[in-house]
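Fold and contact review
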Amino acid sequence: MSNIAVIGAGAVGTAIAMMLQPTSSVTLLGRQDATRIYDDWETQTQQTIDVQSLTTYQGTFDIIFIAVKTHQLPAVVPHLSRLTHSKTVVILAQNGYGQLDLLADYQAYQGVVYISGEKNGTHVTHFRDRRIHIQRDQYTEQFAKQLANSNLELVLENTIEQTIWYKLLVNLGINTVTALTQDTARVLKRPDIYELCRQLLIEGSKVARACGVSLPNTIVTDIMQIYAGYPDEMGTSMYYDVKNQQPLEVEAIQGYIYRQSQQHHLDTPTLDRCYHDLKQLEPTA
Ligand SMILES: NC(=O)c1ccc[n+]([C@@H]2O[C@H](COP(=O)([O-])OP(=O)(O)OC[C@H]3O[C@@H](n4cnc5c(N)ncnc54)[C@H](OP(=O)(O)O)[C@@H]3O)[C@@H](O)[C@H]2O)c1
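Criteria and cut-off values
- Residues numbered from 1 in each chain as written.
- Predicted model: local features only at pLDDT ≥ 70, side-chain atom pairs only at ≥ 80, totals over all residues.
- Heavy atoms only, no water.
- Helix = DSSP H or I, 4+ residues; strand = E, 2+ residues; numbered from the N terminus.
- Rg over C-alpha atoms; globule rule 2.2 N^0.38 Å.
- Contact = heavy atoms within 4.5 Å.
- Areas by Shrake-Rupley, 256 points an atom, 1.4 Å probe, with all protein chains shown as cover.
- Lys, Arg positive; Asp, Glu negative; His and termini not counted.
- Charge placed at Lys NZ, Arg CZ, Asp CG, Glu CD.
- UniProt positions renumbered as here; feature names shortened; annotations may be inferred.
- Core = buried A, V, L, I, M, F, W, Y, C linked by side-chain atoms within 4.5 Å.
- Buried < 20%, exposed > 50% of the residue type's maximum accessible area, 1.4 Å probe, protein only.
- Domains from an automatic or database assignment.

**Here's the deal with the overall build of the chain**
Per the secondary structure count, the chain includes 9 helices and 9 strands. Taking 285 residues into account, the globule formula puts the C-alpha radius of gyration at 19 Å, and the chain, at 19 Å, falls close to it. By its C-alpha atoms, the chain is 50 × 40 × 35 Å across when sized along the principal axes. The long-range fraction of contacts in the chain, counting pairs at least 24 apart against all pairs at least 6 apart in sequence, stands at 61%. Of the roughly 13500 Å² of accessible surface on the chain, a fraction of 47% belongs to carbon and sulfur atoms. When the 22 positive and 29 negative side-chain charges of the chain are each reduced to one mean point, those points stand 1 Å apart.

Next comes the structure, spelled out in C-alpha cells:
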C-alpha cells in the first residue's frame, strides 16, 4: 500500500486526507501538530483527524498531495527533499497554473481540483465534489488503480492542458468580477459587470487558443451559462480573500493568463486592466 501525505490542513487538503483515509495510509501535514474537525455535508457526518507538523515530520512518502494556496507553495517546497524518495509522485491540488515550475526536481503533476469546502478555525466543512483531474501516464494509471476504492475520484486526462484551462477560465471570469466589485455572484445582474466578465472570457479563451489549447466555439456562452446557475449570495475564494484582506491567488490565475498573453503578443486590454486592478487589492505586508 502506498504511503500518502497531504500537505495543507485546510479545506481541500483535509477533505483529500479524509477521502483517502479509509483505504490508504495517509498523513495530514500542517503548520503545527493539531486536530481538525471535519464535517461532511453530503454524508452529514463529523469526524476528527490529526495534523502533524510539516516542519518537524521525519519520513518519506510515495505520493504527496499539496493543497496550500498558490502563494503559500514557495514555503512548502524546501520541505519536499526531506519527504520524498526517488519515486515519489507529487500532485498539486491547487487552482491556477504555472506552479509546477517550482517543482522541477520532482515527478510532479498539476491537479485540477473539484472539491468544494471551507476552513474555519479548527473546523473544515466539505460541501460537495470529490474529484481531481490529472494527466494520464504510467505513474498516474498505477496510482488511480490504488485509489479506485477510496472516496476520492482521480480522473485521468489524455490532455490535461484543456482541463486546466477550462478551470482557469471559469475562475478568471467570476473570481475577477466578484473580487473587484467586492460583491457576490449577484453582481453579474449588473449589465456592465456581465459585459466585463464576458469580455474577460473572450480574451482568456483567445490566450488559451494561442497556447495551443483547443476549446469549443461556445466556451464563453457555456461558462456564462454556468455562472447564471450560481446562487446570488455565492462568493468566490478571491472575493472572500479580498474581504478578509488575505493574499490573493492572482498570480496563478489572472497573472498566469496575463503573462501568456504578453508572451504571445496578444491584445487583451480587459484582462490586463483587471490583473493590474487586482494587484492593487493585495494586502501590503
Ligand atoms: N476551498 C475550495 O472549495 C477549493 C475548491 C477548488 C480549488 N481550491 C484550491 O485549492 C487550494 C487550497 O485551497 P483551500 O481552500 O484548501 O485553502 P485553505 O483552506 O486556506 O488551506 C490551505 C492550508 O494550508 C496551510 N498552509 C499554508 N502554508 C503552509 C505551510 N508552509 N506549512 C503547512 N501548512 C501550510 C494553511 O494553514 P493556515 O490556515 O495556518 O494558513 C491552510 O490550513 C487553492 O489553490 C484553492 O484555490 C479550493
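**A few points about the UniProt feature "domain: Ketopantoate reductase C-terminal" (unreviewed entry) in the chain**
Mapped onto the present numbering, the UniProt feature "domain: Ketopantoate reductase C-terminal" (unreviewed entry) falls at residues 160-282. Taken end to end, residues 160-282 comprises 67% helix and 0% strand; its first and last C-alpha atoms sit 30 Å apart.

**Some thoughts on the nonpolar core**
Formed by 42 residues in total, the largest nonpolar core has its most connected members in Trp-165, Leu-168, Val-177 and Tyr-227. Looking at this core, the elements with two or more residues in it are β7 (107-120), α4 (160-181), α5 (191-210), α6 (219-228), α7 (237-243), α8 (254-263) and α9 (269-281). Residues from two domains meet in this core; each of domain 1 (3-158) and domain 2 (161-281) gives at least three. When near neighbours in sequence (up to four residues on either side) are disregarded, Val-177 contacts Val-187, Leu-188, Ile-193, Leu-196, Cys-197 and Leu-200. Grouped together as the second largest cluster of nonpolar side chains are 33 residues, Ile-16, Val-89, Ala-93 and Val-124 included.

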